[in-house]
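Architecture at a glance
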Amino acid sequence: MNTKTRTAGTLRMGISSFLERNRHALLLLYFLIYLPWFSWLEKTVTTHFHVIHVALDDLIPFCEYFIVPYLLWFGYVAWGIAYFYRKERGEYFRLCAMLFTGMTVFLLISTFYPNGHYLRPATFERSNLFVQLVQWLYETDTSTNLFPSIHVYNSLAVNIAVWHCDSFRGGELKKRAVRYGSAALAFSIVLATMFLKQHSVFDVVTGIVMAVFLYTIVYDGKVLYSNSDLLGAAPGSGEAQDSQSKAAEGISTAFGDVSLPEGYNFLLYFDGEKVRIL
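Reading the values: the criteria
- Residues numbered from 1 in each chain as written.
- Predicted model: local features only at pLDDT ≥ 70, side-chain atom pairs only at ≥ 80, totals over all residues.
- Heavy atoms only, no water.
- Helix = DSSP H or I, 4+ residues; strand = E, 2+ residues; numbered from the N terminus.
- Contact = heavy atoms within 4.5 Å.
- Areas by Shrake-Rupley, 256 points an atom, 1.4 Å probe, with all protein chains shown as cover.
- Expected span 1.5 Å × (residues − 1).
- Buried < 20%, exposed > 50% of the residue type's maximum accessible area, 1.4 Å probe, protein only.
- Axes fitted to C-alpha atoms, helices over the stretch in contact; angles between N-to-C directions.
- Parallel < 35°, antiparallel > 145°, perpendicular 65-115°, else oblique.
- Left-handed = near helix turned anticlockwise from the far one by under 90°.
- Nonpolar A, V, L, I, M, F, W, Y, C, P; charged D, E, K, R; others polar.
- Salt bridge = Lys/Arg side-chain N within 4 Å of Asp/Glu carboxyl O.
- Core = buried A, V, L, I, M, F, W, Y, C linked by side-chain atoms within 4.5 Å.
- pLDDT = per-residue confidence, 0-100.

1. Remarks on the overall build of the protein chain
Tallying secondary structure elements over the protein chain gives 9 helices and 6 strands in all. Restricting to contacts in the protein chain with at least 6 residues of sequence separation, those with at least 24 account for 77%. A total of about 15800 Å² of accessible surface is found on the protein chain, and carbon and sulfur atoms cover 64% of it.

2. Quick word on helix H5 (residues 129-140)
For H5, which comprises 12 residues, the first-to-last C-alpha distance of 17 Å matches the rise-based estimate of 16 Å (1.5 Å per residue) to within 8%. Contact partners of the buried residues in H5: helix H3 (67-87).

3. A short note on helix H7 (residues 173-195)
Structurally, the α-helix is built with 3.6 residues per turn, so residues lying three or four positions apart point the same way. The end-to-end C-alpha distance of H7, which contains 23 residues, comes to 32 Å, matching closely the 33 Å that a straight helix rising 1.5 Å per residue would cover. All of the buried residues in H7 are Arg179, Ser182, Ala186, Ser188, Ile189, Val190, Ala192, Thr193 and Met194. Along its buried surface, H7 packs onto H3, helix H6 (150-164) and helix H8 (201-218). Among the residues trailing H7, Lys197 stands out with phi positive, at a value near 65°.

4. Side note on unusual backbone geometry
Among all residues save glycine, negative phi is the norm, and among peptide bonds the norm is trans. At the junction of Phe147 and Pro148, the peptide bond is cis and its omega measures out at -10° in the coordinates. Structurally, the position occupied by Pro148 is in the loop between H5 and H6. Positioned with a positive phi, Lys197 is a non-glycine residue whose angle comes to about 65°. Topologically, Lys197 is positioned in the loop between H7 and H8. Its relative accessible area of 7% is what places Lys197 among the buried residues.

5. Brief notes about the packing of helix H4 (residues 89-112) against H6
Following both chains from N to C, one finds H4 and H6 inclined at 165°, their axes separated by 10 Å at the closest point. Here H4 is positioned roughly antiparallel relative to H6, judged by the angle of their axes. The hand of the H4/H6 crossing is right-handed. Residue-level contacts link Glu91, Arg94, Leu95, Met98, Leu99, Gly102, Met103 and Phe106 of H4 to Ile150, Tyr153, Asn154, Ala157, Val158, Ile160, Ala161 and His164 of H6. Residues belonging to the contact of H4 with H6 are distributed by class as follows: 11 nonpolar, 3 polar and 2 charged.

6. With respect to the pattern of salt bridges
As enumerated under the stated definition, the model contains 5 salt bridges in all. A salt bridge links Asp166 to Arg169; its shortest N-O distance comes to 3.3 Å. Judged by its relative accessible area of 53%, Asp166 is exposed. Shared partners join several salt bridges into a network, and the residues in it are Glu64, Glu125 and Arg126.

7. So, the nonpolar core
Grouped together as the largest cluster of nonpolar side chains are 36 residues, with contacts concentrated most on Tyr34, Phe84, Tyr92, Leu95, Met98, Leu99 and Met103. Considering every element that reaches this core, the biggest residue donor is H4, with 10 residues. Setting aside residues no more than four positions away along its own chain, Met98 makes contact with Tyr153, Ala157, Ile160, Ala211, Leu214, Tyr215, Val218 and Tyr219. With 9 residues, the next largest nonpolar core counts Phe66, Ile67, Leu137 and Ala192 among its residues.

8. Regarding the packing of H6 against H8
Contact geometry for H6 and H8: axes closest at 8 Å, N-to-C directions at 35°. Pair H6 / H8 crosses with right-handed handedness. Contact with H6, carried on its side by Val152, Tyr153, Leu156 and Ile160, involves Val204, Gly207, Ile208, Met210, Ala211, Leu214 and Tyr215 of H8 and no other residues of that element. Here the contact of H6 with H8 is built from residues that sort into 10 nonpolar, 1 polar and no charged.

9. Here we look at the confidence of the model for the protein chain
When pLDDT is averaged across the protein chain, the result is 81; 71% of the residues are at 70 or more. For residues 222-249, every residue scores under 50 in pLDDT, and the model assigns this stretch 34 contacts once sequence neighbours within four places are set aside.

10. Focus: the environment of Ser155
Structurally, Ser155 is set in helix H6. Along the primary structure Ser155 and Ala183 are separated by 28 residues, whereas in three dimensions their C-alpha atoms are 9.0 Å apart. Ignoring anything within four residues of it in the chain, the contact list for Ser155 reads Trp73, Tyr76, Ile150, Ala186 and Ile189.

11. Focus on the environment of Met103
By the element assignment, Met103 lies in helix H4. When the C-alpha positions of Met103 and Ser149 are compared, they lie 9.4 Å apart, and in sequence the two are 46 residues distant. In this structure, Met103 is in contact with Tyr30, Phe31, Tyr34, Ile150 and Asn154, ignoring residues within four places of it in sequence.

Okay, here's the thing in structure tokens:
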């Protein structure tokens with residue numbers, strides 16, 4: 001075997017090994033769908049759209065200083081994905097599931113219900129670095145495709161992952177600093193969307209509602225059950241009663257013993273590596 005053949009073989013083995021170790025990163029290929037789709041919406045939804053506005057929008061003043069947490073959002077979400085990918089693979093999967101589901105819902109809404117607002121100020125009372133950053137933001141980001149607010153939704157998703165992560169639980173100062181720092185940043189980002197006139201209160205509320213709803217699916221494990229007829233056992237039969245007895249006793253999972261809700265007899269859950277049925 002010549003040197004060139006050995007080198008090619010080693011290279012193939014190295015690439016194969018790298019892909020095997022990092023196969024979970026393939027989830028991030030979702031951005032190859034999201035970014036072109038969002039870019040297309042930004043270019044096509046420009047004039048004919050449903051105007052988003054509620055009375056509370058008019059009571060919130062413009063404040064350019066909120067540009068700081070607004071721009072920190074990009075690093076915050078990127079940090080969340082990168083950290084959990086490297087340190088907490090189960091949380092990484094849950095975070096991606098929550099992020100990508102919500103982002104897809106947003107794309108579908110924006111596609112079939114084009115929307116926008118007229119909340120941005122026409123002039124600025126002050127001239128400073130923060131105002132200049134806001135002006136740059138207005139020039140690069142349209143005031144369309146607004147709800148549910150992805151800035152709000154993704155911030156809440158990352159913060160939920162932080163608080164749910166075992167690595168950040170406990171009373172140690174560093175862990176508490178990460179948890180409360182994450183919560184403070186997420187809260188400031190939510191406020192920033194309104195004080196910068198990037199979003200209506202309606203966008204913020206719908207973003208929060210979607211985050212709460214998807215949290216119950218991704219984290220609470222209270223959905224995706226099946227009743228006895230899906231298992232081929234008629235209600236009231238001995239097989240169905242045995243299943244219900246097991247549910248009442250509890251099922252051991254990676255997250256501890258789980259008792260199923262009354263009327264359900266098996267659990268579909270994600271243990272961080274695989275989807276399992278018990």
